[in-house]
Amino acid sequence: MSKRRFDVEALMANFMEGDTDAFESLYERYRGRIYRYVVRHCGTGEQGRLLYQKFWAGFVEARPSSPTPRHLKTSLYRILHRQMRSFCQERSEETTVYPVGELVTGDDGVQWGVLLIDLVRALPYRQRESFLFRYEIGLNCAAIALVLGESGFTIEERIRSAEQELAVRLAAAGCADTTREALKSYYSETRRVKPPVTWDSDILQVLPQWLGEKAPQEESNEAGMQTGLLVRGFNAALRRLKSGSGALKKGLRQSVEPAGANMPLSATNQ
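Residues numbered from 1 in each chain as written. Predicted model: local features only at pLDDT ≥ 70, side-chain atom pairs only at ≥ 80, totals over all residues. Heavy atoms only, no water.

Q: What am I meant to see in the overall build of the chain here?
A: When helices and strands are counted, the chain shows ten helices and zero strands. Going residue by residue from the N terminus, the α and β elements of the chain occur as α-α-α-α-α-α-α-α-α-α. Relative to its 270 residues, the chain shows a buried fraction of 39%. Counting only contacts in the chain whose residues sit at least 6 apart along the sequence, the fraction spanning at least 24 positions is 72%. By element, 52% of the accessible surface of the chain is carried by carbon and sulfur atoms, the whole surface being about 15,500 Å². (Helix = DSSP H or I, 4+ residues; strand = E, 2+ residues; numbered from the N terminus. Buried < 20%, exposed > 50% of the residue type's maximum accessible area, 1.4 Å probe, protein only. Contact = heavy atoms within 4.5 Å. Areas by Shrake-Rupley, 256 points an atom, 1.4 Å probe, with all protein chains shown as cover.)

Right, here's the structure in full:
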């Protein structure tokens, strides 16, 4: 993919109009962080791959129902939250294969970043979710609270608890520096990983089909609106016709009845 300049809300607006180039730009911007968020929950196997596809399909599906580009952007994170939570709840007793080596490679002796990812995977789900939204997706606590529908204080506490737990475990493994800034530094080493080419192809090749499946519905909605306008116009014309029918009938009677036929009778003849 070529490098692009990003104006996210403008791209969201264009994508809402069905612009596939806008989607490709959005995909390029978010693919890495969405990929890492998914696989750091459920691994790089078939489960992760299917969930990654499901997320992007959900994002495309949210396009027609989003009133504004900002709403669509928020939907992107909420879809991620809903689908991941559903996945983890359904598989709460299942051990997911999590090959760390497939995520990060390097040869710098002790790879604290790699170990940190493994430790993140072992966090309780709610702590892991908030931690990844903060460090992987890049949202602040207020934005995370908006996405999750919880208080900012709750999110701050979860992230703080996650950081403390990770610091303790890194120290136990022999890491000398377990400050918050060190955690950020170790984690940043792992953020260069992008989806495999096959995962990208899964999304970009099926995009026209996803958009095509929405097109008939959109066309149906437009046709329905046009039909509604026609029906309302017809009914209005019919009402006008009915309201004028009395005058029309009166005019017809006057044209066939003799003069004075409709004059009131005199008092003596009543």
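After presenting the structure, the write-up continues.
Q: Explain the nonpolar core to me, please; I cannot follow it from the model alone.
A: Nonpolar side chains in soluble globular proteins generally cluster together in the buried interior. With 65 residues, the main nonpolar core has Phe 15, Phe 23, Tyr 30, Ile 34, Trp 56, Phe 59 and Phe 133 as its most contacted residues. The dominant element in this core, judged by the number of residues it contributes, is helix H2 (residues 20-42), at eleven residues. Every residue in contact with Trp 56, bar those within four places of it in the chain, is listed here: Phe 23, Leu 26, Tyr 27, Tyr 30, Arg 31, Ile 34, Ile 203 and Trp 210. (Core = buried A, V, L, I, M, F, W, Y, C linked by side-chain atoms within 4.5 Å.)

Q: It is not clear to me how the packing of aromatic side chains should be interpreted in this structure. Could you clarify?
A: Two aromatic rings are characterised by how far apart their centres lie and by the angle between their planes. A complete count under the given rule lists 18 aromatic pairs for this structure. Between the aromatic rings of Tyr 35 and Trp 199, the centroid separation amounts to 5.1 Å while the plane-to-plane angle is 85°, which identifies the pairing as edge-to-face. Note that Tyr 35 is positioned in helix H2 and Trp 199 in helix H10 (residues 197-256), a separation of 164 residues in sequence. Trp 199 sits in the buried class, given a relative accessible area of 4%. Here the aromatic residues Phe 15, Phe 23, Tyr 27, Tyr 35, Tyr 52, Phe 55, Trp 56, Phe 59 and Trp 199 are joined through ring pairs into a cluster of three or more. (Phe/Tyr/Trp six-rings, centres within 6.5 Å; stacked < 30°, edge-to-face > 60°.)

Q: Would you explain the side chain of Arg 85 in this entry?
A: Here Arg 85 shows up in helix H4 (residues 69-90). With relative accessibility at 15%, the residue Arg 85 sits in the buried group. A distance of 2.9 Å separates a polar atom in the side chain of Arg 85 from a polar atom in the side chain of Glu 129. Excluding its chain neighbours within four sequence positions, the residues that come into contact with Arg 85 are Tyr 125, Arg 126, Glu 129 and Glu 150. (Polar contact = N/O pair within 3.5 Å; in protein donor to acceptor, adjacent residues only side chain to side chain.)

Q: For this particular structure, what's the right way to read the pattern of salt bridges?
A: If charged atoms from side chains of opposite charge come close, those side chains can pair. Under the criterion given, the structure shown has 13 salt bridges. One salt bridge in this structure joins Arg 158 and Glu 150, with 2.6 Å as the shortest N-O distance. For Arg 158, a relative accessible area of 13% corresponds to the buried category. Residue class for Glu 150 comes out partly exposed when judged on its relative accessible area of 23%. Glu 165 serves as the salt-bridge partner of Arg 169, at 2.6 Å between the closest nitrogen and oxygen. One end of the pair is Arg 169 and the other is Glu 165, both in helix H8 (residues 152-172) and four residues apart, which spans about a single turn. Residue Arg 169 is classed as partly exposed on the basis of its relative accessible area of 35%. Among the charged side chains, a network of salt bridges with common partners joins Arg 36, Arg 40, Glu 136 and Arg 191. (Salt bridge = Lys/Arg side-chain N within 4 Å of Asp/Glu carboxyl O.)

Q: Help me out: how do you make sense of the packing of helix H1 (residues 8-16) against H2 in this one?
A: Helix-helix packing is characterised by the crossing angle of the two axes and by the distance between the axes. Viewed as axis vectors pointing N to C, H1 and H2 meet at an angle of 135°, and their least axial separation amounts to 8 Å. Our classification of the angle between H1 and H2 gives oblique. In the packing of H1 onto H2, the handedness of the crossing is left-handed. Where H1 abuts H2, its residues Val 8, Leu 11, Met 12, Asn 14 and Phe 15 lie against Ala 22, Phe 23, Ser 25, Leu 26, Arg 29 and Tyr 30. Per-class residue counts for the contact of H1 with H2 are eight nonpolar, two polar and one charged. (Axes fitted to C-alpha atoms, helices over the stretch in contact; angles between N-to-C directions. Parallel < 35°, antiparallel > 145°, perpendicular 65-115°, else oblique. Left-handed = near helix turned anticlockwise from the far one by under 90°. Nonpolar A, V, L, I, M, F, W, Y, C, P; charged D, E, K, R; others polar.)

Q: Mind showing me how you'd approach the environment of Ala 143 here?
A: Looking at where Ala 143 falls in the secondary structure, it is placed in helix H7 (residues 141-148). For Ala 143 and Ile 155, which are twelve residues apart along the polypeptide, the C-alpha to C-alpha distance reads 9.8 Å.

Q: Is there a simple way to explain the environment of Ala 173 in this structure?
A: Note on placement: Ala 173 falls in the loop between H8 and helix H9 (180-188). Between the alpha carbons of Ala 173 and Leu 115 there is a distance of 9.0 Å; along the sequence they are 58 residues apart. Excluding anything up to four places from it in sequence, Ala 173 contacts Trp 112 and Leu 115.

Q: What am I meant to see in H7 here?
A: Note: α-helices contain 3.6 residues per turn, so residues at a spacing of three or four share the same orientation. All of the buried residues in H7 are Cys 141, Ile 144, Ala 145, Val 147 and Leu 148. The buried side chains of H7 occupy one side of the element, clustering within an arc of 165° when seen end-on. Those residues of H7 that are exposed and angled more than 90 degrees off the buried face are Ala 142 and Leu 146. Remark: Gly 149 follows H7 within two positions and exhibits a positive phi of approximately 70°. (Arc of directions from axis to C-beta.)

Everything listed is a geometric property; what it means functionally is a separate question.
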